[in-house]
Amino acid sequence: MPDISKITLPSGTTYDIKDSVAREAIAGGVSFIIAWDGTSAPTVANIPAGV
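Residues numbered from 1 in each chain as written. Predicted model: local features only at pLDDT ≥ 70, side-chain atom pairs only at ≥ 80, totals over all residues. Heavy atoms only, no water.

Side note on the overall build of the protein chain
Alright, step 1. A tally of regular secondary structure across the protein chain gives one helix and two strands.
Alright, step 2. What you see in the protein chain, going N to C, is helices and strands ordered as β-β-α.
Alright, step 3. Scaling as 2.2 N^0.38, a compact globule of 51 residues should have a C-alpha radius of gyration of about 10 Å, whereas the protein chain reaches 13 Å, well beyond that.
Alright, step 4. Reported as C-alpha extents along the three principal axes, the dimensions of the protein chain are approximately 40 × 25 × 15 Å.
Alright, step 5. Looking at the protein chain residue by residue over its 51 residues, the buried ones come to 6%.
Alright, step 6. When the accessible area of the protein chain is evaluated, it comes to approximately 4400 Å², of which 57% is carbon and sulfur surface. (Helix = DSSP H or I, 4+ residues; strand = E, 2+ residues; numbered from the N terminus. Rg over C-alpha atoms; globule rule 2.2 N^0.38 Å. Buried < 20%, exposed > 50% of the residue type's maximum accessible area, 1.4 Å probe, protein only. Areas by Shrake-Rupley, 256 points an atom, 1.4 Å probe, with all protein chains shown as cover.)

As structure tokens, this is what we get:
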């Protein structure tokens, strides 16, 4: 299985992943929820608990 070295978010921004633990987690099927894009006031109800 190839290593995951980059991830592209729904916004189209691509990030290099250097952390081997993160690579393993993503390869295992981790999903990302973008709760706030930083362009307006955040809606607290959309931010997961503990963040």
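Past the structure itself, the notes keep going.
Re the confidence of the model for the protein chain
Alright, step 1. When pLDDT is averaged across the protein chain, the result is 79; 96% of the residues are at 70 or more.
Alright, step 2. Across the protein chain, the secondary-structure element scoring lowest on mean pLDDT is helix 1 (residues 20–27), at 75, and the one scoring highest is strand 1 (residues 6–8), at 86. (pLDDT = per-residue confidence, 0-100.)

Regarding the environment of Asp16
Alright, step 1. Locating Asp16 in the fold gives a position in strand 2 (residues 14–16).
Alright, step 2. Classification of Asp16 as partly exposed rests on a relative accessible area of 48%.
Alright, step 3. Through-space distance from the C-alpha of Asp16 to that of Ile47 is 25 Å; in sequence the pair is 31 residues apart.
Alright, step 4. Dropping the residues within four chain positions of it, Asp16 is found in contact with Ser5 and Lys6. (Contact = heavy atoms within 4.5 Å.)

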